[in-house]
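Residue-level listing of the chains:
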Amino acid sequence: FSSYTEQQIKLMIESHYLCFSAERYTEMKDTYPALATEYLIQYKDAFLEILDDCNIEISVIDELIADTRMSEQEKKMIILNTDISELDSQMAQWIRNSHEILPKEYVQTAWNSLETNQKYELLKNHIETFDENDLQQMFTELDTDYHALSDRLRKHKVSLYRNEVNVIIMKYLEKIGYLS
């Protein structure tokens, strides 16, 4: 790639003149790092087939999940290929807002990295990921209005504002027998 200008390589990518391979991606990111994400997006079908072979930096993963040309399912594949210890705040935000079914450990890792005011959306979108014991602990991490939900030793009345998040939470808690 070094014998071509960045503009020439960009045109080659956009024209699908190049073949995709993990080795070519490595060469691309080493020679023209600004074009690496575009290369992956333009060749995303081939890229996703060999995702395991491509050593993708976290910053590139963040760019991919922020790009509207990637489908939610494609973003999920990329997230699930990322080591859980490397999930960053942008990935946590994607998990928070996503309706994709994800393994519990990914959702829990996102939960742990979110601010309290951001956890409600994650809980709304992924409540079925968690069991009663998980939810009991999670309610202690939310605003004090939710702390009463963590006390399962005795019957008591809990009042929450009626909004979309709370309706979803309450319906699920009734469904699993957490509330009576």
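Note on numbering: residues in each chain are counted from 1, in written sequence order. Where totals are concerned, whole chains, interfaces and linings use all residues; where local detail is concerned, this predicted model gives features only for residues with pLDDT of at least 70, and gives and counts side-chain atom pairs only at 80 or more. With hydrogens and water stripped out, all remaining heavy atoms of the structure feed into the side-chain values.

Trainee: Looking at this model, I keep getting lost on the overall build of the protein. Mind explaining?
Mentor: A count of helices and strands for the protein gives 11 helices and zero strands. Helix and strand assignments come from DSSP, with helices taken as H or I runs of at least 4 residues and strands as E runs of at least 2, each series counted from the N terminus. Secondary structure elements of the protein occur, N-terminal to C-terminal, as α-α-α-α-α-α-α-α-α-α-α. Across its three principal axes, the protein shows a C-alpha extent of roughly 75 × 25 × 25 Å. Burial status follows relative accessibility: with a 1.4 Å probe on protein chains alone, a residue under 20% of its type maximum counts as buried, one over 50% as exposed, and anything between as partly exposed. Relative to its full complement of 180 residues, the protein shows a buried share of 42%. If you take every contact in the protein between residues at least 6 apart in sequence, the share linking residues at least 24 apart comes to 53%. Carbon and sulfur atoms make up 47% of the accessible area of the protein, which amounts to about 10200 Å² in all. Across the protein, the centroid of the 18 positively charged side chains sits 10 Å from that of the 33 negatively charged ones. Any pair of residues with heavy atoms lying within 4.5 Å of one another is described as a contacting pair. Surface accessibility in these figures is a Shrake-Rupley result with a 1.4 Å probe; residues are shielded only by whichever protein chains are displayed. All tallies of charge rest on Lys and Arg as positive and Asp and Glu as negative; His and the ends of each chain are not included. Note that the charge is assigned to NZ on lysines, CZ on arginines, CG on aspartates and CD on glutamates.

Trainee: Got a minute to help me understand the nonpolar core in this structure?
Mentor: Where a protein is soluble and globular, its nonpolar side chains tend to be buried together. Working definition of a nonpolar core: buried Ala, Val, Leu, Ile, Met, Phe, Trp, Tyr and Cys residues. They are joined through side-chain atoms within 4.5 Å. Core analysis: the biggest nonpolar cluster contains 56 residues, and Phe47, Ile56, Ile95, Leu123, Leu135, Phe139 and Ile169 have the highest contact counts within it. The biggest single contributor to this core is helix α11 (residues 164-175), with five residues. Leaving out residues up to four positions away in the same chain, Leu135 has contacts with Leu123, Ile127, Phe130, Tyr172, Leu173, Ile176 and Tyr178.

Trainee: I tried to follow the packing of aromatic side chains on my own but got confused; where do I start?
Mentor: One pair of aromatic rings is described through two measures. These are the centre distance and the angle between the planes. Centres within 6.5 Å make a pair out of two Phe, Tyr or Trp rings, where for Trp the six-membered ring is used; the pair is then stacked when the planes are under 30 degrees apart, edge-to-face when over 60, and tilted otherwise. All told, the structure shown has six aromatic pairs when counted by the stated rule. Between Phe20 and Phe47, the aromatic rings sit 6.1 Å apart at their centres with planes inclined by 65°, giving edge-to-face as the arrangement. A residue pair is termed long-range when its members are at least 10 positions apart, and Phe20 in the loop between α1 (6-14) and α2 (22-31) and Phe47 in helix α4 (residues 44-49) qualify at 27 residues. Comparing Phe20 with Phe47 shows no difference in burial state: the two are buried.

Trainee: When you look at the side chain of Lys29 in this model, what are you seeing that I'm missing?
Mentor: Structurally, Lys29 can be placed in helix α2. With a relative accessible area of 14%, Lys29 lands in the buried category. Here Lys29 is in contact with Ala36, Asn55 and Glu57, once residues within four sequence places are set aside.

Trainee: Whenever I open this one, the environment of Met70 confuses me. Can you help?
Mentor: Inspection of the secondary structure puts Met70 in the loop between α5 (58-66) and α6 (72-80). You can call Met70 buried: its relative accessible area is 2%. Each C-alpha atom of the pair Met70 and Pro33 lies 19 Å from the other, and the pair is 37 residues apart in sequence. With residues near it in sequence (within four places) discarded, Met70 still touches Ile41, Lys44, Leu64, Lys75 and Ile78.

Trainee: Please clarify how the environment of Ala36 should be interpreted in this entry.
Mentor: Inspection of the secondary structure puts Ala36 in helix α3 (residues 36-42). In this structure Ala36 comes out as buried when scored by relative accessible area, which is 1%. Separated by 128 residues in sequence, Ala36 and Glu164 have C-alpha atoms that sit 40 Å apart. Setting aside residues no more than four positions away along its own chain, Ala36 makes contact with Tyr25, Met28 and Lys29.

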